[in-house]
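# Descriptive structure summary
Each chain, written out:
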Amino acid sequence: MTDAHRNDPVSLTRYLIEEQRAGRIGPDLRLLIEVVARACKRISIAVGKGALGGVLGDAGSAGQASINVQGEAQKKLDVLSNEILMEANAWGGHLAGLASEEMDHSQPISGDYPRGSYLLLFDPLDGSSNIDVNVSVGTIFSVLRCPEGVVTPTDADYLQPGTAQVAAGYCVYGPQTTLVLTVGNGTHAFTLDREIGSFTLTTRGMRIPEETKEFAVNMSNQRFWEPPMQAYVGDLLKGKEGPRGKDFNMRWIASMVADVHRLLTRGGIFSYPLDSKCAPKGGKLRLMYEANPMSFLVEQAGGAASTGRQRMLEVQPTALHQRVPVFLGSRHEVETAVKYHADHDAA
Ligand code: AHG
Ligand code: MN
Ligand code: MN
(Lines give C-alpha, C1' and ligand atoms only; values in the text may rest on other atoms or scores of the structure.)
(Ligands and ions follow the chains in the order given, each with its own letter.)
Protein backbone atom coordinates (compact mmCIF):
# COMPACT_ATOMS: atom_id res chain seq x y z
CA MET A 1 0.00 0.00 0.00
CA THR A 2 1.43 3.43 -0.89
CA ASP A 3 1.32 6.23 1.67
CA ALA A 4 -1.07 8.17 -0.55
CA HIS A 5 -3.84 5.61 0.11
CA ARG A 6 -3.02 4.57 3.66
CA ASN A 7 -5.93 6.47 5.23
CA ASP A 8 -8.56 5.80 2.56
CA PRO A 9 -11.61 3.80 3.66
CA VAL A 10 -10.98 0.10 3.01
CA SER A 11 -13.78 -1.55 1.07
CA LEU A 12 -14.42 -5.29 1.32
CA THR A 13 -13.06 -5.59 -2.22
CA ARG A 14 -9.82 -3.88 -1.27
CA TYR A 15 -9.48 -5.95 1.91
CA LEU A 16 -9.88 -9.16 -0.12
CA ILE A 17 -7.43 -8.03 -2.80
CA GLU A 18 -4.87 -7.29 -0.08
CA GLU A 19 -5.45 -10.75 1.46
CA GLN A 20 -4.95 -12.26 -1.98
CA ARG A 21 -1.73 -10.29 -2.54
CA ALA A 22 -0.48 -11.51 0.83
CA GLY A 23 -1.08 -15.09 -0.38
CA ARG A 24 -3.72 -15.88 2.24
CA ILE A 25 -6.59 -16.41 -0.21
CA GLY A 26 -6.85 -17.24 -3.90
CA PRO A 27 -8.98 -15.52 -6.56
CA ASP A 28 -11.78 -18.10 -6.31
CA LEU A 29 -12.24 -17.60 -2.56
CA ARG A 30 -12.13 -13.84 -3.09
CA LEU A 31 -14.89 -14.11 -5.69
CA LEU A 32 -16.90 -16.43 -3.45
CA ILE A 33 -16.85 -13.95 -0.56
CA GLU A 34 -17.73 -11.04 -2.87
CA VAL A 35 -20.69 -13.01 -4.24
CA VAL A 36 -21.94 -13.93 -0.76
CA ALA A 37 -21.57 -10.30 0.34
CA ARG A 38 -23.57 -9.14 -2.67
CA ALA A 39 -26.32 -11.65 -1.87
CA CYS A 40 -26.35 -10.34 1.72
CA LYS A 41 -26.92 -6.81 0.38
CA ARG A 42 -29.98 -8.08 -1.48
CA ILE A 43 -31.25 -9.85 1.63
CA SER A 44 -30.62 -6.69 3.66
CA ILE A 45 -32.78 -4.71 1.22
CA ALA A 46 -35.58 -7.31 1.41
CA VAL A 47 -35.43 -7.37 5.23
CA GLY A 48 -35.47 -3.56 5.32
CA LYS A 49 -38.63 -3.30 3.20
CA GLY A 50 -40.59 -5.36 5.73
CA ALA A 51 -44.35 -5.06 5.30
CA LEU A 52 -43.88 -2.73 2.30
CA GLY A 53 -42.13 -5.53 0.41
CA GLY A 54 -44.72 -8.17 1.30
CA VAL A 55 -41.97 -10.29 2.84
CA LEU A 56 -43.31 -10.73 6.37
CA GLY A 57 -45.17 -13.78 7.63
CA ASP A 58 -45.07 -17.49 7.00
CA ALA A 59 -44.19 -19.28 3.77
CA GLY A 60 -46.60 -21.83 2.35
CA SER A 61 -49.85 -21.69 0.45
CA ALA A 62 -53.57 -22.29 0.98
CA GLY A 63 -53.19 -22.02 4.74
CA GLN A 64 -50.66 -24.85 4.69
CA ALA A 65 -47.39 -23.98 6.47
CA SER A 66 -44.17 -24.84 4.68
CA ILE A 67 -41.96 -27.04 6.91
CA ASN A 68 -38.22 -27.35 6.31
CA VAL A 69 -35.89 -30.31 6.86
CA GLN A 70 -35.34 -29.08 10.44
CA GLY A 71 -39.05 -29.61 11.13
CA GLU A 72 -39.52 -25.85 11.50
CA ALA A 73 -42.15 -23.67 9.81
CA GLN A 74 -40.48 -21.47 7.22
CA LYS A 75 -40.98 -17.72 7.02
CA LYS A 76 -41.25 -16.04 3.62
CA LEU A 77 -37.85 -14.43 4.25
CA ASP A 78 -36.24 -17.81 5.03
CA VAL A 79 -37.27 -19.00 1.58
CA LEU A 80 -36.43 -15.74 -0.21
CA SER A 81 -32.99 -15.47 1.42
CA ASN A 82 -32.24 -19.06 0.48
CA GLU A 83 -33.21 -18.35 -3.13
CA ILE A 84 -31.07 -15.19 -3.24
CA LEU A 85 -27.98 -17.08 -1.99
CA MET A 86 -28.59 -20.05 -4.31
CA GLU A 87 -29.07 -17.86 -7.37
CA ALA A 88 -26.08 -15.63 -6.62
CA ASN A 89 -23.75 -18.60 -6.23
CA ALA A 90 -24.97 -20.73 -9.13
CA TRP A 91 -22.87 -19.52 -12.02
CA GLY A 92 -19.59 -17.97 -10.82
CA GLY A 93 -17.47 -21.09 -11.19
CA HIS A 94 -16.06 -20.75 -7.68
CA LEU A 95 -18.14 -23.49 -6.02
CA ALA A 96 -18.51 -27.22 -6.36
CA GLY A 97 -21.69 -27.29 -4.27
CA LEU A 98 -23.90 -25.68 -1.65
CA ALA A 99 -25.77 -26.80 1.44
CA SER A 100 -28.38 -24.84 3.35
CA GLU A 101 -30.24 -25.15 6.62
CA GLU A 102 -33.42 -24.79 4.54
CA MET A 103 -32.72 -27.64 2.06
CA ASP A 104 -32.95 -31.38 2.65
CA HIS A 105 -29.68 -32.16 0.86
CA SER A 106 -26.65 -30.40 -0.51
CA GLN A 107 -26.70 -29.45 -4.18
CA PRO A 108 -23.83 -29.74 -6.61
CA ILE A 109 -23.38 -26.78 -8.97
CA SER A 110 -25.27 -27.34 -12.22
CA GLY A 111 -23.28 -28.98 -15.02
CA ASP A 112 -24.15 -25.93 -17.20
CA TYR A 113 -21.45 -23.95 -15.38
CA PRO A 114 -17.84 -24.61 -14.48
CA ARG A 115 -17.38 -26.17 -11.05
CA GLY A 116 -14.93 -24.70 -8.57
CA SER A 117 -13.19 -26.20 -5.59
CA TYR A 118 -15.18 -24.84 -2.64
CA LEU A 119 -18.28 -25.91 -0.73
CA LEU A 120 -20.54 -23.22 0.72
CA LEU A 121 -22.85 -23.86 3.68
CA PHE A 122 -25.31 -21.32 5.04
CA ASP A 123 -28.13 -20.45 7.37
CA PRO A 124 -29.81 -18.02 4.96
CA LEU A 125 -31.82 -16.25 7.64
CA ASP A 126 -30.99 -16.72 11.28
CA GLY A 127 -33.39 -15.59 13.97
CA SER A 128 -36.52 -15.98 11.86
CA SER A 129 -38.78 -15.60 14.91
CA ASN A 130 -37.62 -11.96 14.98
CA ILE A 131 -38.46 -11.04 11.37
CA ASP A 132 -42.05 -10.02 11.93
CA VAL A 133 -41.25 -7.99 15.06
CA ASN A 134 -38.51 -5.84 13.47
CA VAL A 135 -35.63 -7.22 15.53
CA SER A 136 -32.18 -8.00 14.08
CA VAL A 137 -31.76 -11.14 11.98
CA GLY A 138 -28.84 -12.32 9.87
CA THR A 139 -27.16 -14.71 7.44
CA ILE A 140 -24.40 -17.13 8.53
CA PHE A 141 -21.99 -18.90 6.15
CA SER A 142 -19.11 -21.34 6.19
CA VAL A 143 -16.68 -22.30 3.42
CA LEU A 144 -14.97 -25.69 3.07
CA ARG A 145 -12.74 -27.15 0.38
CA CYS A 146 -14.30 -29.78 -1.85
CA PRO A 147 -12.32 -32.99 -1.23
CA GLU A 148 -9.58 -33.67 -3.78
CA GLY A 149 -10.82 -35.54 -6.84
CA VAL A 150 -14.54 -35.02 -6.10
CA VAL A 151 -16.34 -33.42 -9.04
CA THR A 152 -19.95 -33.85 -7.93
CA PRO A 153 -20.01 -33.48 -4.15
CA THR A 154 -22.62 -35.26 -2.07
CA ASP A 155 -23.63 -34.69 1.58
CA ALA A 156 -20.75 -36.89 2.83
CA ASP A 157 -18.18 -34.52 1.29
CA TYR A 158 -19.37 -31.72 3.60
CA LEU A 159 -18.77 -33.71 6.79
CA GLN A 160 -15.51 -31.97 7.69
CA PRO A 161 -14.69 -30.60 11.16
CA GLY A 162 -14.80 -26.85 11.75
CA THR A 163 -11.00 -26.70 11.74
CA ALA A 164 -11.20 -27.37 7.97
CA GLN A 165 -13.11 -24.13 7.29
CA VAL A 166 -11.24 -21.74 5.02
CA ALA A 167 -13.62 -18.83 5.64
CA ALA A 168 -16.70 -18.05 7.70
CA GLY A 169 -18.85 -15.06 8.36
CA TYR A 170 -22.21 -13.60 9.09
CA CYS A 171 -24.14 -10.54 8.06
CA VAL A 172 -26.37 -8.98 10.70
CA TYR A 173 -29.37 -6.97 9.46
CA GLY A 174 -29.95 -4.53 12.29
CA PRO A 175 -29.90 -0.76 12.67
CA GLN A 176 -26.72 -1.20 10.61
CA THR A 177 -26.00 -4.01 8.18
CA THR A 178 -22.63 -5.44 9.19
CA LEU A 179 -20.65 -8.24 7.60
CA VAL A 180 -18.23 -10.00 9.95
CA LEU A 181 -15.65 -12.17 8.24
CA THR A 182 -12.67 -14.40 8.84
CA VAL A 183 -10.40 -16.10 6.33
CA GLY A 184 -8.25 -17.40 9.18
CA ASN A 185 -6.36 -14.16 9.73
CA GLY A 186 -8.42 -12.41 12.43
CA THR A 187 -12.08 -11.43 12.51
CA HIS A 188 -13.06 -8.17 10.85
CA ALA A 189 -16.26 -6.13 10.60
CA PHE A 190 -17.46 -4.31 7.47
CA THR A 191 -20.38 -1.92 7.72
CA LEU A 192 -22.65 -1.49 4.70
CA ASP A 193 -22.54 2.08 3.48
CA ARG A 194 -26.14 2.20 2.29
CA GLU A 195 -25.61 5.32 0.13
CA ILE A 196 -22.88 3.77 -2.00
CA GLY A 197 -23.90 0.13 -1.51
CA SER A 198 -20.44 -0.93 -0.39
CA PHE A 199 -19.16 -2.81 2.66
CA THR A 200 -16.45 -0.74 4.37
CA LEU A 201 -13.98 -2.07 6.92
CA THR A 202 -14.96 -0.56 10.27
CA THR A 203 -13.21 -2.84 12.79
CA ARG A 204 -9.99 -4.59 11.86
CA GLY A 205 -9.12 -7.41 14.25
CA MET A 206 -12.11 -7.70 16.58
CA ARG A 207 -11.03 -8.86 20.07
CA ILE A 208 -13.36 -10.48 22.59
CA PRO A 209 -12.43 -9.52 26.17
CA GLU A 210 -11.38 -12.66 28.08
CA GLU A 211 -13.52 -11.79 31.10
CA THR A 212 -17.18 -10.85 31.08
CA LYS A 213 -20.16 -10.07 33.28
CA GLU A 214 -22.79 -10.80 30.64
CA PHE A 215 -24.42 -14.07 29.62
CA ALA A 216 -26.93 -14.99 26.92
CA VAL A 217 -29.19 -18.02 27.28
CA ASN A 218 -32.89 -18.77 26.92
CA MET A 219 -33.71 -18.95 30.65
CA SER A 220 -37.18 -20.35 29.98
CA ASN A 221 -35.50 -23.71 29.34
CA GLN A 222 -33.81 -23.75 32.75
CA ARG A 223 -35.78 -26.66 34.17
CA PHE A 224 -34.90 -28.82 31.15
CA TRP A 225 -31.12 -28.29 31.37
CA GLU A 226 -28.53 -30.85 32.46
CA PRO A 227 -27.21 -30.61 36.07
CA PRO A 228 -23.85 -28.92 35.16
CA MET A 229 -25.67 -26.16 33.27
CA GLN A 230 -28.09 -25.71 36.19
CA ALA A 231 -25.10 -25.39 38.52
CA TYR A 232 -23.19 -23.00 36.24
CA VAL A 233 -26.06 -20.55 35.65
CA GLY A 234 -27.19 -20.96 39.28
CA ASP A 235 -23.79 -19.61 40.36
CA LEU A 236 -23.94 -16.74 37.83
CA LEU A 237 -27.28 -15.70 39.30
CA LYS A 238 -25.89 -15.68 42.86
CA GLY A 239 -23.83 -12.66 41.80
CA LYS A 240 -21.42 -10.84 44.12
CA GLU A 241 -22.40 -12.95 47.12
CA GLY A 242 -21.91 -16.25 45.22
CA PRO A 243 -18.81 -18.23 44.22
CA ARG A 244 -18.21 -16.04 41.14
CA GLY A 245 -17.94 -12.91 43.27
CA LYS A 246 -19.52 -10.56 40.72
CA ASP A 247 -22.96 -9.59 39.42
CA PHE A 248 -23.85 -10.78 35.91
CA ASN A 249 -26.23 -9.17 33.43
CA MET A 250 -28.34 -11.19 30.96
CA ARG A 251 -29.29 -10.61 27.29
CA TRP A 252 -31.19 -12.91 24.92
CA ILE A 253 -32.12 -11.64 21.46
CA ALA A 254 -33.04 -15.09 20.05
CA SER A 255 -31.06 -14.32 16.88
CA MET A 256 -27.71 -16.03 17.24
CA VAL A 257 -26.13 -13.53 14.83
CA ALA A 258 -27.22 -10.58 16.96
CA ASP A 259 -26.18 -12.23 20.23
CA VAL A 260 -22.79 -13.21 18.77
CA HIS A 261 -22.32 -9.75 17.30
CA ARG A 262 -22.77 -8.28 20.77
CA LEU A 263 -20.18 -10.57 22.32
CA LEU A 264 -17.70 -9.93 19.50
CA THR A 265 -18.17 -6.23 20.23
CA ARG A 266 -18.07 -6.13 24.01
CA GLY A 267 -17.61 -9.69 25.32
CA GLY A 268 -20.00 -12.15 26.90
CA ILE A 269 -20.88 -15.82 26.82
CA PHE A 270 -23.58 -17.21 24.54
CA SER A 271 -25.05 -20.61 25.21
CA TYR A 272 -27.67 -22.90 23.76
CA PRO A 273 -27.05 -25.93 25.98
CA LEU A 274 -28.43 -29.40 25.80
CA ASP A 275 -31.88 -29.68 27.36
CA SER A 276 -34.28 -32.57 27.67
CA LYS A 277 -36.47 -31.14 24.86
CA CYS A 278 -33.71 -30.86 22.25
CA ALA A 279 -31.54 -33.75 23.56
CA PRO A 280 -33.03 -36.34 21.15
CA LYS A 281 -31.76 -34.15 18.28
CA GLY A 282 -28.36 -33.54 19.94
CA GLY A 283 -29.03 -29.85 20.67
CA LYS A 284 -30.86 -26.89 19.16
CA LEU A 285 -28.28 -25.15 16.99
CA ARG A 286 -26.84 -26.63 13.83
CA LEU A 287 -23.16 -27.55 13.74
CA MET A 288 -22.48 -26.88 10.08
CA TYR A 289 -24.54 -23.70 9.54
CA GLU A 290 -24.38 -21.99 12.93
CA ALA A 291 -21.96 -23.44 15.50
CA ASN A 292 -18.90 -23.98 13.28
CA PRO A 293 -18.83 -20.65 11.43
CA MET A 294 -19.53 -18.73 14.66
CA SER A 295 -16.86 -20.72 16.52
CA PHE A 296 -14.28 -19.95 13.83
CA LEU A 297 -15.09 -16.21 14.05
CA VAL A 298 -15.00 -16.27 17.86
CA GLU A 299 -11.66 -18.15 18.05
CA GLN A 300 -10.15 -15.78 15.50
CA ALA A 301 -11.17 -12.92 17.81
CA GLY A 302 -9.43 -14.50 20.81
CA GLY A 303 -12.53 -16.17 22.26
CA ALA A 304 -13.37 -19.83 22.83
CA ALA A 305 -16.11 -22.17 21.58
CA SER A 306 -17.13 -25.52 22.97
CA THR A 307 -19.96 -28.02 23.12
CA GLY A 308 -19.41 -27.98 26.89
CA ARG A 309 -17.31 -31.12 26.54
CA GLN A 310 -15.24 -30.65 23.39
CA ARG A 311 -13.73 -27.82 21.35
CA MET A 312 -16.45 -27.06 18.80
CA LEU A 313 -14.13 -26.89 15.80
CA GLU A 314 -12.87 -30.43 16.49
CA VAL A 315 -16.30 -32.09 16.41
CA GLN A 316 -16.32 -34.64 13.58
CA PRO A 317 -19.70 -34.15 11.87
CA THR A 318 -21.76 -37.25 11.15
CA ALA A 319 -24.72 -35.59 9.41
CA LEU A 320 -25.25 -32.41 7.41
CA HIS A 321 -28.02 -31.11 9.66
CA GLN A 322 -26.41 -32.30 12.92
CA ARG A 323 -27.20 -30.27 16.04
CA VAL A 324 -24.91 -29.56 18.99
CA PRO A 325 -24.92 -27.79 22.36
CA VAL A 326 -23.10 -24.46 22.12
CA PHE A 327 -21.00 -22.34 24.49
CA LEU A 328 -18.99 -19.52 22.95
CA GLY A 329 -17.54 -16.10 23.68
CA SER A 330 -15.18 -14.66 26.29
CA ARG A 331 -12.42 -17.23 26.76
CA HIS A 332 -12.27 -17.45 30.54
CA GLU A 333 -16.06 -17.62 30.87
CA VAL A 334 -16.34 -20.43 28.32
CA GLU A 335 -13.56 -22.29 30.14
CA THR A 336 -15.51 -21.87 33.39
CA ALA A 337 -18.69 -23.31 31.85
CA VAL A 338 -16.69 -26.23 30.44
CA LYS A 339 -15.19 -26.88 33.89
CA TYR A 340 -18.68 -27.24 35.42
CA HIS A 341 -19.34 -29.98 32.83
CA ALA A 342 -15.98 -31.69 33.42
CA ASP A 343 -16.42 -31.62 37.22
CA HIS A 344 -19.94 -33.02 36.93
CA ASP A 345 -18.87 -35.79 34.54
CA ALA A 346 -15.93 -36.73 36.76
CA ALA A 347 -18.06 -36.95 39.91
P1 AHG B 1 -33.14 -20.04 12.88
O2 AHG B 1 -34.00 -18.82 12.86
O3 AHG B 1 -32.10 -20.04 11.80
O4 AHG B 1 -33.91 -21.32 12.94
O5 AHG B 1 -32.22 -20.00 14.20
C6 AHG B 1 -32.77 -19.60 15.43
C7 AHG B 1 -31.83 -20.02 16.50
C8 AHG B 1 -30.82 -18.97 16.92
O9 AHG B 1 -30.63 -17.91 16.08
C10 AHG B 1 -31.32 -18.49 18.25
O11 AHG B 1 -30.23 -18.25 19.09
C12 AHG B 1 -32.19 -19.59 18.76
O13 AHG B 1 -32.59 -20.34 17.65
C14 AHG B 1 -33.39 -19.07 19.47
O15 AHG B 1 -34.01 -20.10 20.10
P16 AHG B 1 -35.24 -19.89 21.12
O17 AHG B 1 -36.39 -19.51 20.26
O18 AHG B 1 -35.36 -21.23 21.77
O19 AHG B 1 -34.87 -18.81 22.09
MN1 MN C 1 -30.20 -20.03 12.67
MN1 MN D 1 -32.35 -19.98 9.65
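Analysis parameters
- Residues numbered from 1 in each chain as written.
- Chains lettered and ligands numbered in written order.
- Predicted model: local features only at pLDDT ≥ 70, side-chain atom pairs only at ≥ 80, totals over all residues.
- Heavy atoms only, no water.
- Helix = DSSP H or I, 4+ residues; strand = E, 2+ residues; numbered from the N terminus.
- Rg over C-alpha atoms; globule rule 2.2 N^0.38 Å.
- Buried < 20%, exposed > 50% of the residue type's maximum accessible area, 1.4 Å probe, protein only.
- Contact = heavy atoms within 4.5 Å.
- Areas by Shrake-Rupley, 256 points an atom, 1.4 Å probe, with all protein chains shown as cover.
- Donors = N, O, S within 2.8 Å, 3.2 Å for Na, K, Ca; no water.
- Patch = residues over 30% accessible without salt bridge, like charges linked within 9 Å, V, L, I, M, F, W, Y side chains within 5 Å.
- Salt bridge = Lys/Arg side-chain N within 4 Å of Asp/Glu carboxyl O.
- Lys, Arg positive; Asp, Glu negative; His and termini not counted.
- Charge placed at Lys NZ, Arg CZ, Asp CG, Glu CD.
- Domains from an automatic or database assignment.
- Buried area = accessible area lost by both parts, 1.4 Å probe.
- Core = buried A, V, L, I, M, F, W, Y, C linked by side-chain atoms within 4.5 Å.
- Near = heavy atom within 4 Å.
- Polar contact = N/O pair within 3.5 Å; in protein donor to acceptor, adjacent residues only side chain to side chain.
- Nonpolar A, V, L, I, M, F, W, Y, C, P; charged D, E, K, R; others polar.
- Axes fitted to C-alpha atoms, helices over the stretch in contact; angles between N-to-C directions.
- Parallel < 35°, antiparallel > 145°, perpendicular 65-115°, else oblique.
- Left-handed = near helix turned anticlockwise from the far one by under 90°.
- Pairing = 2+ DSSP bridges.

## Things to note about the overall build of the protein
Regarding its fold elements, the protein presents 7 helices and 17 strands. Taking 347 residues into account, the globule formula puts the C-alpha radius of gyration at 20 Å, and the protein, at 20 Å, falls close to it. Each principal axis of the C-alpha distribution contributes one length, and for the protein these read about 60 × 60 × 45 Å. Residues classed as buried in the protein amount to 53% of the 347 residues present. In the protein, the share of contacts with a sequence separation of at least 24, taken over all contacts with a separation of at least 6, comes to 64%. About 14,900 Å² of surface is accessible on the protein, with carbon and sulfur atoms providing 51% of the total.

## A few points about the coordination of the manganese ion (ligand 2)
In a perfect tetrahedron of four donors around a metal, the angles come out at 109.5 degrees. In a perfect octahedron of six, they are 90 or 180 degrees. For the manganese ion (ligand 2), the full set of protein donor atoms is Asp123 (OD), Asp126 (OD) and Glu290 (OE), at a range of 1.8 to 2.2 Å. Each donor residue of the manganese ion (ligand 2) lies on one chain, and together they are spaced D-x2-D-x163-E.

## Observations concerning a positive patch on the surface
Together, Arg223, Lys277, Lys281 and Lys284 give the surface a local cluster of positive charge. Counting through the fold element by element, Lys277 comes out in the loop between β13 (269–272) and β14 (285–286). Owing to a relative accessible area of 51%, Lys277 belongs among the exposed residues under this scheme.

## A look at the domain arrangement of the protein
Partitioning the protein into domains gives domain 1 (3–203) and domain 2 (214–346). Placing the centre of domain 1 and that of domain 2 at their C-alpha centroids yields a distance of 24 Å. Counting residues at the interface gives 49 residues for domain 1 and 32 residues for domain 2. In total, about 2,800 Å² of surface goes out of reach between domain 1 and domain 2, with carbon and sulfur atoms giving 61% of it. For the domain 1 face of the interface with domain 2, the top three residues by lost area are Gln70, Leu159 and Tyr170, together amounting to 21%.

## So, the nonpolar core
Burial of nonpolar side chains together is a common tendency in soluble globular proteins. Counting 44 residues, the largest nonpolar core has Leu29, Leu120 and Val143 as its most contacted members. Here Leu120 is in contact with Leu32, Val36, Asn89, Leu95, Gly97, Leu98, Ala99, Phe141, Ser142, Val143 and Tyr158, once residues within four sequence places are set aside. Formed by 38 residues, the second largest nonpolar core is a distinct cluster that contains Tyr158, Ala216, Val260 and Leu328.

## With respect to the site of ligand 1
Near ligand 1 you find 18 residues, and of these Asp126, Gly127, Ser128, Met256 and Tyr272 are the closest. Within the side chain of Asp126, an N or O atom sits 2.7 Å from an oxygen atom of ligand 1. In the environment of ligand 1, an oxygen atom lies 2.9 Å from a nitrogen or oxygen atom belonging to the side chain of Trp252. No other element matches strand β5 (residues 118–126), which puts 3 residues into the shell around ligand 1. Within the shell around ligand 1, the residues separate by chemical class into 7 nonpolar, 4 polar and 7 charged. Counting only domains with at least three residues in the shell around ligand 1, you end up with domain 1 (3–203) and domain 2 (214–346).

## What about the coordination of the manganese ion (ligand 3)?
At 2.2 to 2.3 Å from the manganese ion (ligand 3) lie its protein donor atoms, namely Glu101 (OE), Asp123 (OD) and Leu125 (O). Each donor residue of the manganese ion (ligand 3) lies on one chain, and together they are spaced E-x21-D-x1-L.

## Examining the side chain of Ser44
In this fold, Ser44 is placed in helix α2 (residues 27–49). Classification of Ser44 as buried rests on a relative accessible area of 9%. A distance of 2.8 Å separates the side chain of Ser44 from the side chain of Thr177, its partner in a polar contact. In this structure, Ser44 is in contact with Tyr173, Thr177 and Leu192, ignoring residues within four places of it in sequence.

## Description of the packing of helix α1 (residues 12–21) against α2
Remark: α1 packs on α2, axes separated minimally by 10 Å, with the N-to-C direction vectors making an angle of 165°. Classified by the angle between their axes, α1 and α2 sit roughly antiparallel to one another. At the point where α1 passes α2, the crossing takes the right-handed sense. Contacts from Leu12, Thr13, Leu16, Ile17 and Gln20 of α1 reach α2 at Pro27, Arg30, Ile33, Glu34 and Ala37. Across the contact of α1 with α2, the residue classes tally to 6 nonpolar, 2 polar and 2 charged.

## Notes on the sheet that holds strand β10 (residues 198–203)
The strand order across the open sheet formed by 8 strands is β4-β3-β5-β6-β7-β8-β9-β10, and the pairing between neighbours is mixed. Whereas interior strands pair on both sides, the edge strands pair on one side only; in this sheet they are β4 (107–108) and β10. By the bridge criterion, 5 bridges tie strand β3 (residues 95–100) to β5 in an arrangement that is parallel. Bridge pairing in β5 links Ser100 to Phe122. Here helix α5 (residues 256–266) sits on the sheet in contact with β5, β6 (137–145), β7 (167–173) and β8 (177–182), set at roughly 105° to β7. Strands β3, β5, β6, β7 and β8 of the sheet are contacted by helix α6 (residues 287–300), whose axis makes an angle of about 85° with β6.

## Side note on the pairing of strand β9 (residues 188–193)
As paired strands, β8 and β9 are joined by 4 bridges and run antiparallel to one another. Bridge pairing in β9 places Val180 opposite Ala189. Turn length for the β8-β9 hairpin, with the two strands adjacent in sequence and antiparallel, is 5 residues, and the turn residue Gly184 shows positive phi of about 90°. One ladder, built from 5 bridges, connects β9 with β10; its direction is antiparallel. Among the inter-strand pairings, Leu192 is bridged to a residue of β10, identified as Phe199. Counted between consecutive antiparallel strands, the loop separating β9 from β10 contains 4 residues, among which Gly197 sits at a positive phi close to 70°.

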